[in-house]
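# Observations on the model geometry
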Amino acid sequence: MARLLSAGAAQVRVYSRDEAKQEAMRLRLRDDRLRFHVGDVRDRDSVVRATRGIDFVFHAAALKQVPSCEFFPLEAIRTNALGSANVVEASERAGVAGVVLLSTDKAVYPVNAMGMTKALMEKVAYAHARAGGTSTVVSCVRYGNVMYSRGSVLPLFVEQVRNSRPLTVTDPRMTRFMMSLGDSVRLVEHAFANARPGDLFVQKANACTVGDLATAVSDIFDVPTKLDLLGVRHGEKLAETLVSREEMARAEDRGDHFRIPIDTRDLNYSLYVDEGGTQVDGVRDYNSDNAHRLGVPEIRSLLLTLPEIRAELSLPARAS
Ligand SMILES: O=c1ccn([C@@H]2O[C@H](COP(=O)(O)OP(=O)(O)O[C@H]3O[C@H](CO)[C@@H](O)[C@H](O)[C@H]3O)[C@@H](O)[C@H]2O)c(=O)[nH]1
């Protein structure tokens, strides 16, 4: 947010359900160009009002906790799928130039309701892009776990170490992509500047096992690693996939990310049968088991770059 304001945005509108968080942000940033709208993406009229006169929309509103979406899948459908459709439609109606929707690796070969509804959100975006007839460019960005994000495992491990408790590990072999908040923000900025309708941008990332992550956290706080093994939670996978085989077959490798252009085939069945789809034989998906695997020393170094960890260890902040 601070970055957008310092880049000279005339106005930044925050649309969310949580008035307390909005107030905290207002007090922290104190900038007249920041405007707050309380609302829920499920409420179409309210989204329409919030998008009027806006140039760019970044859509991150979601139910994103895997276990809660497993127990309340219909709520996930309402927010993640139908709410996203409201955002795209309202943006098109308001003549917004670009909409970027935030997706997750859990949307690829999904096994849980959170991932399934995020996959549907992506499909809604691609269907709008394919339909055309609008000047609004709709695109998606997809990435793995953002380190130290709210409610994620890293702040939990730090709190457990701080309180001399064993680290609760689901399955030490489980792998996850690890990326920084900075990388995720840069990908969104890239999408706003470069997307063509229906593009999907996927951030490349290193991966690690949860067991090594727990060891690295214990190491940097200089305590022996003590684990409390919980077992795999509802709806969890041992590894995540950022790009499916089918997408890999048409992905463009852009160095630090992949661009996956929209599949433009239409519903003309004979055309589909005659020409067939893209060959996926011999193409591998991009997942947290075959991505570069960080070892404990590398994870330790990475953790020491995180502002939250530096603050916990009373280390000086790094220049950004
Ligand atoms: O007490 C715990 C909690 C979690 N884990 C493991 O740590 C890893 C990361 O867990 P967590 O930080 O809860 O993230 P995910 O469940 O992987 O999901 C997060 O990362 C996704 C991207 O993959 C986002 O889309 C989700 O919104 C976000 O919650 C997983 O392997 C968990 O099994 C533990 O070992 N112990």
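Residues numbered from 1 in each chain as written. Predicted model: local features only at pLDDT ≥ 70, side-chain atom pairs only at ≥ 80, totals over all residues. Heavy atoms only, no water.

The mixed open sheet is built from six strands, whose spatial order is β3-β4-β5-β9-β14-β13. Of all the strands in the sheet, the pair left with one neighbour each is β3 (56–59) and β13 (252–253). Two elements, β13 and strand β14 (residues 257–260), share two bridges in a ladder whose sense is antiparallel. Looking at the pairing, Asp253 lines up with Phe258 of β14. (Pairing = 2+ DSSP bridges. Helix = DSSP H or I, 4+ residues; strand = E, 2+ residues; numbered from the N terminus.)

Moving on: a nonpolar patch on the surface. Together, Leu74, Ile77 and Leu82 line one region of the surface with nonpolar side chains, adding up to about 260 Å² of accessible area. Structurally, Leu74 can be placed in helix α5 (residues 73–94). The partly exposed category is assigned to Leu74, whose relative accessible area is 49%. (Patch = residues over 30% accessible without salt bridge, like charges linked within 9 Å, V, L, I, M, F, W, Y side chains within 5 Å. Areas by Shrake-Rupley, 256 points an atom, 1.4 Å probe, with all protein chains shown as cover. Salt bridge = Lys/Arg side-chain N within 4 Å of Asp/Glu carboxyl O. Buried < 20%, exposed > 50% of the residue type's maximum accessible area, 1.4 Å probe, protein only.)

It is worth spelling out the site of the ligand at this point. In the vicinity of the ligand there are 19 residues, among which Asp105, Lys106, Thr168, Thr170 and Glu236 approach most closely. At 2.8 Å, a backbone N or O of Val153 approaches an oxygen atom of the ligand. Within the side chain of Arg233, one N or O atom sits 3.1 Å away from an oxygen atom of the ligand. Alone, the ligand offers 690 Å² of accessible surface; in the complex the protein occludes 92% of this. Elements supplying a minimum of two residues to the shell around the ligand: α7 (153–162) and β7 (167–169). Across the shell around the ligand, the residue classes break down as seven nonpolar, six polar and six charged. (Near = heavy atom within 4 Å. Polar contact = N/O pair within 3.5 Å; in protein donor to acceptor, adjacent residues only side chain to side chain. Nonpolar A, V, L, I, M, F, W, Y, C, P; charged D, E, K, R; others polar.)

Attention now goes to the sheet that holds strand β8 (residues 175–179). Strand order in this open sheet of three strands is β6-β8-β10, and the pairing throughout is mixed. At either end of the open sheet lies a strand with only one pairing partner, and these are β6 (145–146) and β10 (206–209). Where β8 and β10 come together, four bridges link them in antiparallel fashion. Within the sheet, the bridge partner assigned to Arg176 lies in β10 and is Cys208. Sheet contacts for helix α9 (residues 210–220): β8 and β10; angle to β10, the most-contacted strand, approximately 85°. (Contact = heavy atoms within 4.5 Å. Axes fitted to C-alpha atoms, helices over the stretch in contact; angles between N-to-C directions.)

This next bit is on the pattern of salt bridges. Enumeration according to the criterion identifies 22 salt bridges in this entry. Across the pair Glu240 and Arg176 runs a salt bridge, and its minimum N-O distance is 3.5 Å. Residue Glu240 is located in the loop between β11 (227–229) and β12 (241–243), and its partner Arg176 is located in strand β8; the two are separated by 64 residues in the primary sequence. Here Glu240 falls in the buried class, since its relative accessible area comes to 2%. By sharing partners, the salt bridges in this structure join Asp199, Glu252, Arg254 and Arg259 into a single network.

Our focus in this paragraph is the side chain of Asn86. By secondary structure assignment, the location of Asn86 is in helix α5. Among all residues touching Asn86, those that are not within four sequence positions of it are Val41, Arg42, Asp43, Arg44 and Val47.

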